[in-house]
Amino acid sequence: MTKEKFKNPPKLAEWILSYVYPDRGHFTSVGDFREEYIEIYQSSGPFKANFWYWMQIAESIPGFIRNKSHWNIVMIHNSLKIAIRNIRKHKGYSFINFAGLTLGIGIFMMILLFVQHELSIDKYHKNSDRIYRVQGANGHQLSTAPAVGKWISENIIEAEKVVRFKFRHDYLVKYRPDNDPTREKVITIQDFAWSDPTVFDVFSFPPIAGDPRTALQDPFALVLTQSVAQRLFGSENPIGKTLEVNNRYEYHVTAVIENLKRTHLRFDVLAPFANLGKIIGQSELDSFDSWNLATFVLLPENHDTTAVADKITKLFHDRIKELRNVDFVFDLFPLEGIFFSSGSSFRNHGNRPLVFVFMAVAVFILIIACVNFLNLSTARASLRAKEVGIKKVVGSTRKRLVFQFLGESILFSLISCAAAIGMASLFLPEFNRLMQRSLSMDYFHDPLILLVFIAGAALVGILAGIYPALYLSAFRPVSVLKGERTKGVRSGIFRKVLISFQFTISIILIIATLIVFKQIQYIRNKDLGFQKEHIVYMEIARNRDIRDHKQAFKDKLMQHPLIHNVTFSQGRPGLVYNWEGFEHKGERKGYAIFTVDPDYLDVYGLEILAGRNFSREISTDPYRTCLLNEAAVRQLGLEEPVGTILHHDDLGGSSFPVKDVEVIGVVRDFHYQTLHNEIYPMMFGWNDPWLWMISVKIAAERIPETLAHIEKTWKEFSPGFPFDFHFIDDLVDSQYKNEERLARTIGYFAALGIFIACLGLFGLASFLAEQRTKEIGVRKILGASVVGILVLLSKEFSKWVVAANIVAWPLAYYALNKWLADFAYRTDIGIWPFLIAAVIALAIAMMTVSYQSIRAATANPIDSLRYE
Amino acid sequence: MGKTRMKFLSRPEELVLLAVWRLKKNAYCVPIKKQLVKYTGHDWSFGAVYDPLDRLEKKGLLESYLSDPVAKRGGKRKRIYKLTPSGIMALIEIKTITDEVWDGIPVKVLKEEL
């Protein structure tokens, strides 16, 4: 017989049918349908047959849905009931599970917010991918001169728009409503920026009032951020109001924009760049000497940046050639990368490695929480063995049981997720303070994000629940119902490995905290080469009242017996204001420049190793001579540095307006930058008009009285400017606040990680103690001591914590070594942080376990043996 | 006849029961459906056939077993139905009662009343 050839129904249709059509065993109905299909096919052709088949499917779907949903709801109702009963029956364990998951998810959420924030910086501008900062190709010179931006906008056609920013600190802004002096309001604007009107074409700062596009056209216009507008005007309409800036110029408000967020730029008030020319002189605006502007260009889409950068370099060289020989090369740096790049102040910084470290920590803590869940559920599996057995006997499939247990863990994690949202909103302010960000939960108001998050929580539930679900559903009903003890212990090794894993993570975090703190301590105590204590520091850059009467101000201050000395400078430890190049024997080298007066060395306790200090007796000292530090002498390779002549041509923006500068002395090296850096060659010059920082060395005692005198003197000279001062040691220490923040944050994480791990350990320990009640009872009757039993119970756990240590040490060592490599001066890691972390972890684990162990060990054996 | 009370069957049930008897060893869904279509002129869906089959089986008038896999059906088995003794009893009963009730009423007489 030849094999009959049949035209079969489409595979897909058949598959769907087999799924939706109520079956009578072995897919007989599918077979029926196929027979009919073939018949229709033979009599009426494929079209009719297919149509008929699909219609059959369509008709059976409503019934299918009705059927399915009904029974599912019945089952879900039942499972839910069982889940809730289980939660209530074992309140302690349930609480531990909830607490762990909630903490884990909550922390994860906050860190996610942080990471999302950091990665979204400057991406909201409409043209963010087309905006570039003009800077030096060497990566150090990040600012440009005013003329550069001007030349680019006039000559480079690729640059669609050019915008320049000049950032200034601490401007005074005064508002006098209706010219009524009694209602006058003065506020200090911390970040004040001058910029071109094109700023709003390049960047997309959302406007609140006024039209930003025309806002900076008028040279006496001001654009405020919302918070400044509110501080000045309250609920009044700010547009058109007149403000006085630095007690000198009157401006009017033309627009208000939203407070800056998610951008590296930092300013509260924008003023038109054009007017800066009116104030400081047009020549300064065309200058190519003062390199202190941030210049941004907007390029056409997908444009080759190197070509444009080359053009800018060429343009610059052409313009400047006749004046001097230059070898400066320009580069275009993408806006979106600026936040994470290193560079100047006046802007917000991000730390990309930190973002990744945080992400890793968040994931780890979540894993710790999941492991807890997993651990407790499997450990307590035997408690539910009967349930599984009965369900299987009455016909439940393994698949159904897996879904039931998975459903339970998903329910757990969803509830935890809700609690975590509450927790995160509670702790977010503290987290913000720690990280110096202004994150908000608003992000979760977006339904899509919320949905994704809920899906994520469900995923956590699945991850945490899949193993217990598979484990529980695998019980064989015969053995379970016969009352054989299911081995909660069988998977013991697996669970203990998980516990060690949790502790490994926690131990790494503890070690990290200890070492970061150790490094900070090292920095604090390191001899910086200068005295930082008891120096009061003030700035008078714009305060002409004092700046023009420096000597008188100083004399007045010195009248007080507790004031030892006063010096004026440009540059202080931690703030180098000027870098210049000098030539010696045909080689050009760069130096950090501190422009000071002769008292500077005395105030900061700097030591002269050779030659002499600047002297007021010698009229040729100011701006014709310099002092070098040891690093500079080493770099020059000078045997006899005093008397050496250094040359430069760059007279325009220099502290030394002469071509030849004579070295008159050598100063012992001191750490004028952070300890991240080696001591770089530097020189002191003396040029009185440049000095606008005041450092006052005061006595250690009666400091408030001394400060009062300084303030009184300040007010006498300059009533219009608020008295604002810092202590140098605070300023120096604050350079390490990033590190300190890191240490504190990691410290918190370590504590939380340990806490969550301990929750799990506690649960597991109490469970195992419970399981061994009978054993302990028998042992006691046979004469075991309480201590003996304690040792017995603790031994197991301590073994695994020790194992965790062994794994954690090399990992921590590697990671921390990497972190320390960022410092030029670093503490050695040493063995102590490791040992301390080990002891802490072990002690905490012991304490956690001991509560249960002691309870079990001291229980009366009569009670423990009678319980059956 | 000492009257035991009759178990009422619905008309589709009656037809299906009869079809199963007629088909003997080949009484599974597809031919049953064909018979029903032939007798009634209606288009019967599988569901409409399975429904009375399931009910009759539940009432104990039918029983079913699975055949060997059949290539034409994509390797699927047939569920073949068979009358139980009470199924046969039911057919006898229906036949008897129907005959009794219709006794002496030829179709011709009914047609005359049109």
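Values in this document were obtained by computation on a predicted structure and should not be read as measured data.

*Asks:* I would appreciate a short explanation of the overall build of chain B in the present structure.
*Replies:* Looking only at helices and strands, chain B has five helices and two strands in total. Counting over 114 residues, chain B shows a buried share of 33%. Of all intrachain contacts in chain B linking residues separated by at least 6 positions in sequence, the fraction that spans at least 24 positions is 50%. Counting every atom, chain B has about 7500 Å² of accessible surface; 58% of that belongs to carbon and sulfur.

*Asks:* Even after reading the chapter, I still don't get the overall build of chain A, so can you show me in this structure?
*Replies:* Of the regular secondary structure elements, chain A holds 29 helices and 21 strands. In chain A, the share of contacts with a sequence separation of at least 24, taken over all contacts with a separation of at least 6, comes to 79%.

*Asks:* When you look at the pattern of salt bridges in this model, what are you seeing that I'm missing?
*Replies:* When the charged atoms of two side chains with opposite charge come close together, those side chains can pair. Counted by the stated rule, this structure contains 34 salt bridges over all chains. Two residues, A:Asp191 and A:Arg266, come together in a salt bridge whose shortest N-O distance is 3.8 Å. With A:Asp191 in strand β3 (residues 185-195) and A:Arg266 in the loop between β7 (249-257) and β8 (269-272), this residue pair connects regions lying 75 residues apart in the sequence. Under the relative-accessibility criterion, A:Asp191 is labelled buried at 7%. Among the ionic pairs, B:Asp99 bridges to B:Lys95, the shortest N-O distance being 3.2 Å. One end of the pair, B:Asp99, and the other, B:Lys95, are both in helix α4 (residues 85-102), four residues apart, so they sit about a helical turn from each other.

*Asks:* Which parts of the structure should I look at to understand the environment of A:Leu112?
*Replies:* Turning to its location among the elements, A:Leu112 is positioned in helix α4 (residues 91-119). Each C-alpha atom of the pair A:Leu112 and A:Val355 lies 9.7 Å from the other, and the pair is 243 residues apart in sequence.

*Asks:* Explain the pairing of strand β9 (residues 294-298) of chain A to me, please; I cannot follow it from the model alone.
*Replies:* Looking along a regular strand, one sees the side chains alternate between the two faces of the sheet. All names here are of chain A. The buried fraction of β9 amounts to five of the five residues, a majority that puts the element mostly inside the structure. Two strands pair when backbone bridges link them, and strand β1 (residues 131-136) and β9 are joined in this way by four bridges, in the antiparallel orientation. Bridging from a neighbouring strand, Val134 pairs with Thr295 of β9. Sheet analysis places strand β2 (residues 161-175) next to β9, joined by five bridges and oriented antiparallel.

*Asks:* Would you mind showing me how to read a nonpolar patch on the surface here?
*Replies:* Judged by side-chain polarity, A:Leu459, A:Ile462, A:Leu463, A:Ile466 and A:Leu470 come together as a nonpolar surface patch covering roughly 410 Å² of accessible area. Checked against the element boundaries, A:Leu459 lands in helix α16 (residues 447-473).

*Asks:* Got a minute to help me understand the side chain of A:Ser409 in this structure?
*Replies:* Residues and elements named next belong to chain A. With respect to the secondary-structure elements, Ser409 resides in helix α15 (residues 398-435). Classification of Ser409 by relative accessible area gives buried; the value is 2%. Of note is the side chain of Ser409, whose polar atom sits 2.9 Å from the backbone oxygen of Gly461. In contact with Ser409, other than residues within four places in its own chain, are Phe373, Gly461 and Gly465.

*Asks:* I tried to follow the packing of helix α1 (residues 11-20) of chain A against helix α2 (residues 28-44) of chain A on my own but got confused; where do I start?
*Replies:* All names here are of chain A. Contact pair α1 / α2: the axes reach a minimum separation of 9 Å and the direction vectors enclose 140°. Judged by the angle between their axes, α1 and α2 are oblique. Between α1 and α2 the crossing geometry is right-handed. Residues Glu14, Leu17 and Ser18 of α1 touch α2, and the partners they reach there are Val30, Phe33 and Arg34. Grouping the constituent residues of the contact of α1 with α2 by class yields three nonpolar, one polar and two charged.

*Asks:* In this structure, what is going on with the packing of aromatic side chains? I would like to understand it.
*Replies:* Note on aromatic pairs: each is described by the distance of the centres and the angle between the planes. Scanning the model with the defined rule gives 52 aromatic pairs over all chains in all. Taking the centre distance of 6.3 Å and the plane angle of 90° together, the rings of A:Phe200 and A:Phe205 count as edge-to-face. A relative accessible area of 3% places A:Phe205 in the buried class. Through successive ring pairs, a cluster of aromatic residues spans A:Phe165, A:Phe167, A:Phe200, A:Phe203, A:Phe205, A:Phe267 and A:Phe296. Positioned above the aromatic ring of B:Phe46, the side-chain terminus of B:Lys33 is 4.7 Å from the ring centre.

*Asks:* Looking at this model, I keep getting lost on helix α26 (residues 773-781) of chain A. Mind explaining?
*Replies:* All names here are of chain A. For α26, the complete set of buried residues consists of Ile776, Gly777 and Lys780. In a view along the axis of α26, the buried residues occupy a sector of 100°, so they form one face of it. The inward-facing, buried residues of α26 contact α25 (737-771), α27 (786-820), α28 (832-858) and α29 (861-866). Downstream of α26 by a residue or two, Gly783 has a phi angle that is positive, lying close to 110°.

*Asks:* Honestly, the interface of chain A and chain B in this entry has me stumped. Any pointers?
*Replies:* Counting residues at the interface gives 18 residues for chain A, matched by 18 residues for chain B. Taken over both partners, the interface formed by chain A and chain B buries close to 1700 Å², and the fraction arising from carbon and sulfur atoms is 55%. Across the contact surface, chain A and chain B share two salt bridges. Between A:Glu36 and B:Lys33 there is a salt bridge; the shortest N-O distance is 2.6 Å. For the pair chain A and chain B, the number of links is four residue pairs in polar contact (both at pLDDT 80 or more). In the side of chain A that touches chain B, the residues fall into seven nonpolar, five polar and six charged.

*Asks:* Sorry, what's going on with the side chain of A:Glu35 here?
*Replies:* Checked against the element boundaries, A:Glu35 lands in helix α2. Relative accessible area serves as the criterion here: at 7%, A:Glu35 is assigned to the buried category. Reaching out from A:Glu35, the side chain makes a polar contact with the side chain of B:Tyr28 at a distance of 2.6 Å. Leave out the neighbours within four places in its chain, and A:Glu35 touches B:Tyr28, B:Val30, B:Arg73 and B:Lys78.

*Asks:* What exactly am I supposed to notice about the packing of helix α5 (residues 146-155) of chain A against helix α11 (residues 305-320) of chain A here?
*Replies:* What describes two packed helices is the angle between their axes and the distance between those same axes. All names here are of chain A. Closest axis-to-axis distance for the α5/α11 pair is 10 Å, and the angle between their directions is 110°. Classified by the angle their axes make, α5 and α11 are roughly perpendicular. Judged by the sense of rotation from one axis to the other, the crossing of α5 with α11 is right-handed. The residues of α11 that touch α5, namely those facing Val148, Trp151, Ile152 and Asn155, are Ile312, Leu315, Phe316 and Arg319.

*Asks:* Mind showing me how you'd approach the nonpolar core here?
*Replies:* Residue and element names in this part refer to chain A. Of all hydrophobic cores here, the largest spans 86 residues; its most connected members are Phe114, Phe503, Ile507 and Phe749. In terms of residues, this core owes the most to one element, α25, which gives 15 residues. Here Phe749 is in contact with Ile107, Ile111, Phe358, Val361, Ile365 and Leu509, once residues within four sequence places are set aside. By size, the runner-up hydrophobic cluster in this structure holds 55 residues, among which are Phe530, Leu627, Leu675 and Val696.

*Asks:* Is there a simple way to think about unusual backbone geometry in this case?
*Replies:* Comment: phi is negative for the bulk of residues other than glycine, and the bulk of peptide bonds are trans. Residue and element names in this part refer to chain A. The backbone phi angle of Asp122 is positive, close to 65°, even though this residue is not glycine. For Asp122, the position within the fold is in the loop between α4 and β1. Residue classification places Asp122 among the buried positions, given a relative accessible area of 0%. Of note, the phi angle at Asn302 is positive, near 50°, even though the residue is not glycine. Of note, Asn302 is situated in the loop between β9 and α11.

*Asks:* Got a minute to help me understand the confidence of the model for chain B in this structure?
*Replies:* Any region with low pLDDT has predicted coordinates that should not be read closely. Residue and element names in this part refer to chain B. Confidence along chain B averages 84 in pLDDT terms, with 94% of residues attaining 70 or more. Looking across chain B, the model is least confident in helix α5 (residues 107-112), with a mean pLDDT of 84, and most confident in helix α1 (residues 11-23), with 90. Reported confidences for the modelled complex are a pTM of 0.69 and an ipTM of 0.80.

Rules used throughout
- Residues numbered from 1 in each chain as written.
- Chains lettered and ligands numbered in written order.
- Predicted model: local features only at pLDDT ≥ 70, side-chain atom pairs only at ≥ 80, totals over all residues.
- Heavy atoms only, no water.
- Helix = DSSP H or I, 4+ residues; strand = E, 2+ residues; numbered from the N terminus.
- Buried < 20%, exposed > 50% of the residue type's maximum accessible area, 1.4 Å probe, protein only.
- Contact = heavy atoms within 4.5 Å.
- Areas by Shrake-Rupley, 256 points an atom, 1.4 Å probe, with all protein chains shown as cover.
- Salt bridge = Lys/Arg side-chain N within 4 Å of Asp/Glu carboxyl O.
- Pairing = 2+ DSSP bridges.
- Patch = residues over 30% accessible without salt bridge, like charges linked within 9 Å, V, L, I, M, F, W, Y side chains within 5 Å.
- Polar contact = N/O pair within 3.5 Å; in protein donor to acceptor, adjacent residues only side chain to side chain.
- Axes fitted to C-alpha atoms, helices over the stretch in contact; angles between N-to-C directions.
- Parallel < 35°, antiparallel > 145°, perpendicular 65-115°, else oblique.
- Left-handed = near helix turned anticlockwise from the far one by under 90°.
- Nonpolar A, V, L, I, M, F, W, Y, C, P; charged D, E, K, R; others polar.
- Phe/Tyr/Trp six-rings, centres within 6.5 Å; stacked < 30°, edge-to-face > 60°.
- Lys NZ or Arg CZ within 6 Å of the ring centre and 35° of its normal.
- Arc of directions from axis to C-beta.
- Buried area = accessible area lost by both parts, 1.4 Å probe.
- Core = buried A, V, L, I, M, F, W, Y, C linked by side-chain atoms within 4.5 Å.
- pLDDT = per-residue confidence, 0-100.

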